Amino acid sequence: MPTLVASGPAGDMPAGPALSIFDPVFIGIDEFGHRVTTPLIYRNMLIGGEPGAGKSALLNLLVAHAALSLDCRLCLLDGKRVELGQWRRCADVFVGPDQGHAIRTLQRLQTVMDNRYAYLEWFGERKVGPVHDFQPIVVAIDEIAYFSATAGDKKTQELFAALLRDLVARGRAVGIIVIAATQRPSSDIIPTSLRDLFAWRFAGRCTTDVSSDIVLGHGWANKGWSSNTISPNNQGAGLLIAEGGSPQLVKTAYLTDTDCARIAAYAATMRDALRAEGHAAAPAVPPSKPAAGLPEAA
Ligand SMILES: Nc1ncnc2c1ncn2[C@@H]1O[C@H](COP(=O)(O)OP(=O)(O)OP(=O)(O)O)[C@@H](O)[C@H]1O
């Protein structure tokens, strides 16, 4: 990582340290007070729970890590516009409540994914690492339901869901990390086949055992793991499950709006400084090789 210089009113000054998307992300503490971290690289995360359960807060925490990770790029989709709006300056793309823009963005990401697979094939490799020419892309979506069940018509909703499914299913190895939040990921919001592909799932408080199972996977409530047992006054608490593991009770760390604004400003300055030094967020790829960056919108 180059030495960064941030320009401000007092002149140039060395900028501070950054994180890496290849590092595990700090999520919060478990019921014993131990740190909980989750690796995001090569994985995707689904966040569910009733309104006010703390989904957007967790999404912001993960996006904060990604924004501070200068080795990754951000694509943000936010049907409500304001939940992830503070990170706009750090993102390559910010999609508000515009389903057409969301679909075009997922199509561009699909092109990136295909190009990256062609690139890996060229070099005889199977997944991206920190040493590769292209950077992981974190795709954060707040309220999938807006794009998959509310806006547009059935055809465009299905197209959105199909594109998202493809990204979640195939994006991992090429560094595309999808983190998506929704109140209730039932089959009318996202197809079950898509839901089951998320390696990490976080169920904030849910109003019923069925809703909790919809996030965590069928049968966990019967085994005593239901986020329905979480107090409605305990926002940010939820059950976190990893692929093949058992749920874990977690209280997520919380960043206030002011914290997010400060971190976003710092991250944006660092990213600007990196760009100004000629380390473009997307390193150039020789034309003879398949392109690995985000293509222009059609
Ligand atoms: N980890 C946390 N610790 C403490 N308070 C939290 C935490 N997470 C969320 N909260 C509180 O809960 C409120 C609601 O959180 P948040 O907006 O993330 O909920 P949500 O599940 O996204 O709701 P909605 O579905 O309506 O968007 C926050 O404004 C904050 O006050």
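No experiment lies behind these values; they were computed from the predicted model shown.

Taken together, 14 residues are adjacent to the ligand, and G54, S56, A57, Q235 and G236 come closest. Examining the composition of the shell around the ligand, we find that three residues originate from one element, helix α1 (residues 55–68), more than from any other. For the shell around the ligand, a count of residues per class yields four nonpolar, nine polar and one charged.

Feature annotation in UniProt places "binding site: ATP" (unreviewed entry) on G49, E50, P51, G52, A53, G54, K55 and S56, given in this structure's numbering. Among the secondary structure elements, A53 is positioned in the loop between β5 (45–48) and α1. On the neighbour-count criterion, A53 (27 C-beta atoms within 10 Å) is buried. The contact partners of A53, leaving out residues within four places of it in the chain, are G204, R205, Q235 and G238. Structurally, G54 is set in the loop between β5 and α1. Since 25 C-beta atoms lie within 10 Å of it, G54 is described here as buried.

Note on sheets: strands pair through backbone hydrogen bonds, and any given pair is parallel or antiparallel. Spatially, the 10 strands line up as an open sheet ordered β4-β3-β12-β11-β10-β5-β9-β8-β6-β7, and their pairing is mixed. Lying at the two open borders of the sheet, with one neighbouring strand each, are β4 (35–38) and β7 (93–95). Within this sheet the neighbouring strands show an average axis-to-axis angle of 25 degrees, counted without direction. Across six bridges, strand β8 (residues 137–142) lies against strand β9 (residues 176–182) in parallel orientation. Looking at β9, one finds that I141 is bridged to A180.

On to the packing of α1 against helix α7 (residues 257–276), then. The interhelical angle for the contact between α1 and α7, taken along N-to-C directions, is 20 degrees, at an axis separation of 9 Å. What the angle tells us is that α1 and α7 run roughly parallel. Once α1 is placed against α7, the crossing between them reads as left-handed. Listed contacts from α7 to N60, A64, A67 and L68 of α1 are C260, I263, A264 and A267. Its residues placed into classes, the contact of α1 with α7 shows seven nonpolar, one polar and no charged.

It is worth spelling out the confidence of the model for the protein at this point. Predicted coordinates in areas of low pLDDT are best not read in detail. Scored by pLDDT, the protein has a mean of 84; 85% of the residues are at 70 or more. Under a pLDDT of 50 for its full length, residues 281–291 has, in the predicted model, 21 contacts with residues more than four places off or in other chains. Across the interfaces of the predicted complex, the ipTM metric reaches 0.97, alongside a pTM of 0.87.

With that settled, consider the environment of Y146. If you trace the backbone, Y146 turns up in helix α3 (residues 144–150). Exposure remark for Y146: the 22 C-beta atoms within 10 Å place this residue in the buried category. When residues no more than four places from it in sequence are discounted, the contact partners of Y146 are G79, P97 and A151.

Ranked by size, the top nonpolar core spans 85 residues in total, and within it A67, L76, V138 and V139 carry the most contacts. Here the element with the most residues in this core is α1; it accounts for 10 residues.

Right, let's talk about helix α2 (residues 99–123) for a bit. For α2, spanning 25 residues, the distance from its first C-alpha to its last is 36 Å, which sits close to the expected 36 Å at 1.5 Å a residue. Along α2, the residues classified as buried are Q99, A102, I103, T105, L106, L109, V112, M113, N115, R116 and Y119. The inward-facing, buried residues of α2 contact β6 (73–78), β7, β8, α3, α4 (154–170) and β9. G124 sits one or two positions beyond α2 and adopts a positive phi of about 65 degrees.

A separate point is the environment of F32. Relative to the helices and strands, F32 resides in the loop between β3 (25–30) and β4. Linking F32 and G175, residues 143 residues apart in sequence, is a C-alpha distance of 33 Å.

Contact geometry of α2 with α4 gives a least axis separation of 10 Å together with a crossing angle of 30 degrees. Relative to α4, the element α2 is oriented roughly parallel. Relative to α4, α2 is oriented so that their crossing is left-handed. Between α2 and α4, the contacting residues are Q99, A102, I103, L106, Q107, L109, Q110 and M113 on the first element and T156, L159, F160, L163, L164, D166, L167 and R170 on the second.

Thresholds applied
Residues numbered from 1 in each chain as written. Predicted model: local features only at pLDDT ≥ 70, side-chain atom pairs only at ≥ 80, totals over all residues. Near = placed C-beta within 6 Å. Helix = DSSP H or I, 4+ residues; strand = E, 2+ residues; numbered from the N terminus. Nonpolar A, V, L, I, M, F, W, Y, C, P; charged D, E, K, R; others polar. UniProt positions renumbered as here; feature names shortened; annotations may be inferred. Buried ≥ 20, exposed ≤ 12 C-beta atoms within 10 Å, placed from the backbone. Contact = placed C-beta atoms within 7 Å. Pairing = 2+ DSSP bridges. Axes fitted to C-alpha atoms, helices over the stretch in contact; angles between N-to-C directions. Parallel < 35°, antiparallel > 145°, perpendicular 65-115°, else oblique. Left-handed = near helix turned anticlockwise from the far one by under 90°. pLDDT = per-residue confidence, 0-100. Core = buried A, V, L, I, M, F, W, Y, C linked by C-beta atoms within 7 Å. Expected span 1.5 Å × (residues − 1).

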